[in-house]
Amino acid sequence: DQQVKQNSPSLSVQEGRISILNCDYTNSMFDYFLWYKKYPAEGPTFLISISSIKDKNEDGRFTVFLNKSAKHLSLHIVPSQPGDSAVYFCAAKGNYGGSQGNLIFGKGTKLSVKP
Amino acid sequence: KAGVTQTPRYLIKTRGQQVTLSCSPISGHRSVSWYQQTPGQGLQFLFEYFSETQRNKGNFPGRFSGRQFSNSRSEMNVSTLELGDSALYLCASSLAGGPVFDTQYFGPGTRLTVL
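So, how was this worked out
- Residues numbered from 1 in each chain as written.
- Chains lettered and ligands numbered in written order.
- Predicted model: local features only at pLDDT ≥ 70, side-chain atom pairs only at ≥ 80, totals over all residues.
- Heavy atoms only, no water.
- Phe/Tyr/Trp six-rings, centres within 6.5 Å; stacked < 30°, edge-to-face > 60°.
- Helix = DSSP H or I, 4+ residues; strand = E, 2+ residues; numbered from the N terminus.
- Buried < 20%, exposed > 50% of the residue type's maximum accessible area, 1.4 Å probe, protein only.
- Lys NZ or Arg CZ within 6 Å of the ring centre and 35° of its normal.
- Patch = residues over 30% accessible without salt bridge, like charges linked within 9 Å, V, L, I, M, F, W, Y side chains within 5 Å.
- Areas by Shrake-Rupley, 256 points an atom, 1.4 Å probe, with all protein chains shown as cover.
- Salt bridge = Lys/Arg side-chain N within 4 Å of Asp/Glu carboxyl O.
- Contact = heavy atoms within 4.5 Å.
- Buried area = accessible area lost by both parts, 1.4 Å probe.
- Polar contact = N/O pair within 3.5 Å; in protein donor to acceptor, adjacent residues only side chain to side chain.
- Nonpolar A, V, L, I, M, F, W, Y, C, P; charged D, E, K, R; others polar.

Caption draft 1: Region of interest: the packing of aromatic side chains. Tallying each qualifying case throughout the model produces 14 aromatic pairs over all chains. Ring centres of Tyr36 of chain A and Phe106 of chain B lie 5.2 Å apart, and the angle between their planes is 90°; on these two criteria the pair is classed as edge-to-face. With Tyr36 of chain A in strand S4 (residues 30-38) and Phe106 of chain B in strand S10 (residues 105-106), the pair connects residues from two separate chains. Side by side, Tyr36 of chain A and Phe106 of chain B carry an identical accessibility label, which is buried. Among the aromatic side chains, those forming a connected cluster through ring pairs are Tyr36, Phe46, Phe89 and Phe105 of chain A together with Tyr35, Phe45, Tyr105 and Phe106 of chain B. Between the NZ or CZ atom of Arg55 of chain B and the centre of the ring of Phe50 of chain B, over which it lies, the distance is 4.4 Å.

Caption draft 2: Quick peek at a nonpolar patch on the surface. Residue and element names in this part refer to chain A. A cluster of nonpolar side chains, Ile18, Ile20 and Val78, forms an exposed patch at the surface whose accessible area comes to about 220 Å². One can find Val78 in the loop between strand S8 (72-77) and strand S9 (86-94). According to the relative accessible area criterion, Val78 is partly exposed, its value standing at 42%.

Caption draft 3: Structural view of the interface of chain A and chain B. Each partner contributes to the interface: chain A provides 19 residues, whereas chain B provides 28 residues. Roughly 1,800 Å² of surface becomes buried between chain A and chain B when both sides are summed, with 58% attributable to carbon and sulfur atoms. One can count 0 salt bridges joining chain A with chain B. At the boundary of chain A and chain B, one finds 3 residue pairs in polar contact (both at pLDDT 80 or more). Going through the elements one at a time, S4, S9 and strand S10 (103-105) of chain A are the ones with two or more residues in the side of chain A that touches chain B. If you tally residues by element for the side of chain A that touches chain B, the top one is S4 of chain A, at 4 residues. A class-by-class count of the residues in the side of chain A that touches chain B yields 9 nonpolar, 6 polar and 4 charged.

Structure representation (C-alpha cells):
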C-alpha cells in the first residue's frame, strides 16, 4: 500500500506562472516531509523540507504547505522557470525514533516548464 | 565540500552473478542509506548504516546486503542477480543520524543492468 502518493504523473506550466505539485500521505506517524528534484541520470537533489509542527516553509521561489488534517502537502514554485523542468519527488519520514534512513517516496511528478 | 560519490556509475552483469557498489558520503556525514529506483516501484529504501551498524532495513530479500566502514564509506552487495534487480541504486548521506532529522543528500547513483 502506497503511503505517499503523487497522483499527477506529469504537469505542464508556462514560464513565469506558478507550478503546484501535490502529495498525499496516509501515515499519521510521518513527522517530516521533503521535496527532491531529479534530472535524468542524476541523483535526487534536496529542495525544501517541512516539519509536521509547521504548516508552511519558504525558500526563495519554493514554498511547501502542509495540511495535516487532510494529510496533504504541496510544493509551489513561483515564478516557474524552464530550468525547473524535472521530476519532483515528495518524501516522508516516520517518527520511529532515532533512525534517519527510512524515507518513503512518492512516485514523482514530471514538471515541464515551457518558455 | 564534495558531494556523495558512487562508483561505478554504470554496471552490466548477467543473471546469477553478484555485484558490489560503493558509496562515499559527504565528509563528516556518518549515516548512509541506500535506495533502489525502478520505473514500476519508484524509490524504495534498502537499508541504512550508522557507525558501521545497520540500523534500519527495508523490505528486500537477503540477497541485498551492505556494510559500512570506519570512515563512513559504504558498500552494498547483491548476490545471485535477477533480471528484476536492474535499477538505479542511490546512496544518500546525512550528518549525524540522531533523533532530530538531518536532510539526506543523494549521490548520482549506479545504473545496474542485469542481462
